[in-house]
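# Overview (structure and organization)
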Amino acid sequence: MVIGRHCHIHFMVESMEPPPHILVVDDDREIRDLLSKFLERQSCRVSAARDAREARRLWPLGRYHLVVLDLMLPGESGLEFARWLRTQSDVPIVMLTAMSEETDRIVGLELGADDYVAKPFNPRELLARIRAVLRRANGEGNASQEPPAKAIRFAGWTLEPARRRLLNQDGVEVPLTGGEYELLMVLVERPNRVLTRDMLMDLLRGRQAGPFDRAIDVAVSRLRRKLEDDGRNPSLIKTVRGGGYVLAATVEKAAELPASLAHAGGATP
Amino acid sequence: MIRRLRPRSLAGRTALFLTLALMLVQTAGLLIHALDRLDLQRIILSREISSRAFIFWRTAVLANPDRRQTMLYEIDLMRGLRADLSDTPAVRPGMPRPPPPLVEMFQVKRWRALPPNLRPRALLVAGGEGPRDLIVASQLPDGQWVNLWLTVPVMRPWHSGAFLVAFLMMTGAALALIVWATRRLTRPVSALARAAEQLGRDVNSPPLPEDGPREVATAARAFNTMAERIRRFVGDRTQMLAAIGHDLRTPITRLRLRAEFLEDDEQRRKMLADLDEMETMVNATLAFARDDAATEPSVPLDLAALCRTVLDEAMDARPGLTAEAVTYTGPERLRISARPVALKRALANLVGNALNYGGRVRLRLDGQGPKVEGGLVRLLIEDEGPGIPDDCLEVVFQPFRRLETSRNRETGGTGLGLPIARNILRAHGGDVMLMNRQGGGLSALVTLPA
């Protein structure tokens, strides 16, 4: 992990919108206070709650742009609170999870949480995720209103966002790197639209916390290889003259997993 | 030779032993039966011989002396009986005494008990040339002698084909029954062996059925109890380490946040790097202790794509690396069944080692056909580093065991990378071995079931 290479942390300073109001729910007082201070330094307004009960009490008191939610809470679990929150609002949720809570994370993402950061998290990574999620919520206001897709299908391939995995037409998992996955997500969310390198860089920077220094072209050529798309004569991810790419496919979102793929189920505790 | 012919399996050995024993018993039984039958046959035949001899005598006595010769010629003799009419007895002084069993068998006493009109004037009995021969000379009223040579017939017990057929049929039937029965009886032993094997791979494998014969049920119960204890032990250990890991996460998170408030950029950078190292160590220890592979389900997976992913991510994490430092050769697709997260971790550990110590890595996936030699896929991860001493090739797979030369901050590492990789690969039914290459550099050979 390379630290300190992306020090340009500006939070929507360019727009004249009011600073985003963030609700932090974490049971550790130190983390709560430090995170609040850290986010306030990045020009956010922060409210903090120590458990689900306090968060429920705070919820009607403000208009929150985003909730940072620890899944491991005393009393009512983070997942239950997220479920309740979804009945109230479409507010973006970024989950804090431990690595061992993979099942919870999948359930959380399927519930409609927007992203997650594994504990112990890197504050800058969390900030980058918050920024990306906020930008998505602002830019594509209706994006978070539709129920989260469990499976995204295109050209015989199936993408499962909650498990961050790609399956081919035979249900065989084809592993992707983090960068490839993010790039593919950006492409399938905007099928048949030309995306220039700059647009891709912009869309990806928010998502990918680590360095995404390899040129977009490298990532695209790797992805083509995985998708069995001929690099010299691509038919799925086409190169557009003048610098850009387009995903030439019909994308279909399903709220349920196809039965044929259900066997490849998630981790069982 | 005999050693080589001896069957290896318990069922085979039991069947062989039982068959041999049964053949022995059968042979003895058949022999007793045959001897008994022969004895009976001999008695019957001897009676027949003595009856004929008696008929011969009676005819000789009752016939008119002129016609005696002709009449005697017409009498049907049989094997074991010879007779003639002579002026002198065939029994002469100096001949051996008649053996009592033959005297008994040929009922010589009947001759003495005949009515007066048939009783011989004189009766001479002697043994013949062989132990089975008896000579009886009896004098007719007119002084002529009837000489009779009686021989106990020789029996040939193995002459009858039925004997051999019966023997073979009985042996065959017994063999089939024995093989069936021993297979059935030893099946629980094979099941126990299979269950033990499975338990070694997967602690949560299903318990053995506790039925069948009492001894088998007892063994199955004992096995299940043992498996349960192992499960509980592993569970306790996992829970404890997960708790420690979780508890360490909170202070690491706090320190990371605190570091963001440090004014000194250099100190902050160093502190964050230390925290990253701590996190890596905690995660590695947890991964080793928790044995993630045991809980992750196996799914169909493209191994070729996984290899590429691991190499690409290793390259992304090391921005200084040139593209030529990391190469992949092998098929474009290779479908196997595996646990994706665990297998990726195992390969990433091996590739990471190669890059840390060797500076470059060459990954070769051996997949000419879908099933490569014996259903195993071979994967070679080669570096061009200094290699390690030959006597350390196995030692480095022990947890927390690092070679003295590598124990420095630059190469880092927790001493758990290789043990974790091996645990994961063995849980898949595969393995990993290290070897020094001739031209220099270290190779890690990974095998996985296809």
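Residues numbered from 1 in each chain as written. Chains lettered and ligands numbered in written order. Predicted model: local features only at pLDDT ≥ 70, side-chain atom pairs only at ≥ 80, totals over all residues.

As annotated in an unreviewed UniProt entry, chain B carries the name histidine kinase and comes from Teichococcus oryzae. Turning to chain B, the UniProt record has this under Catalytic activity (unreviewed entry): "ATP + protein L-histidine = ADP + protein N-phospho-L-histidine." Heading Subcellular location (unreviewed entry) of the UniProt record for chain B holds this comment: "Cell inner membrane". (UniProt positions renumbered as here; feature names shortened; annotations may be inferred.)

On the basis of which strands lie adjacent, the open sheet formed by three strands has the order S9-S11-S10 (chain A) and antiparallel pairing. In the strand order of this sheet, the two ends are held by strand S9 (195-196) and strand S10 (237-240) of chain A, each with one partner. (Pairing = 2+ DSSP bridges. Helix = DSSP H or I, 4+ residues; strand = E, 2+ residues; numbered from the N terminus.)

Here we come to unusual backbone geometry. All names here are of chain A. Omega for the peptide link from Lys-119 to Pro-120 comes to 0°, which places this bond in the cis form. Along the chain, Pro-120 falls in the loop between strand S5 (115-119) and helix H5 (123-139). Within the chain, Ala-155 stands out as a residue other than glycine whose phi angle is a positive 45°. Within the fold, Ala-155 resides in the loop between strand S6 (151-154) and strand S7 (157-160). Accessibility expressed as a C-beta count within 10 Å gives 17 for Ala-155, which makes it partly exposed. Within the chain, Asn-192 stands out as a residue other than glycine whose phi angle is a positive 60°. Relative to the assigned elements, Asn-192 resides in the loop between helix H6 (178-189) and S9. (Buried ≥ 20, exposed ≤ 12 C-beta atoms within 10 Å, placed from the backbone.)

In the predicted model, chain B carries a mean pLDDT of 83, and the fraction of residues at 70 or more is 91%. Below a pLDDT of 50 lies the segment residues 406-410 of chain B, which in the model reaches three contacts outside its immediate sequence neighbourhood of four places, other chains included. (pLDDT = per-residue confidence, 0-100. Contact = placed C-beta atoms within 7 Å.)

This next bit is on the confidence of the model for chain A. All names here are of chain A. Taken over all residues, the pLDDT of chain A has a mean of 79, while the share at 70 or more is 79%. Mean pLDDT per element in chain A: helix H7 (residues 197-207) is the minimum at 75, and strand S1 (residues 21-25) is the maximum at 94. Segment residues 262-269 is flagged for pLDDT under 50; beyond a separation of four residues in sequence, or across chains, it makes 17 contacts in the model.

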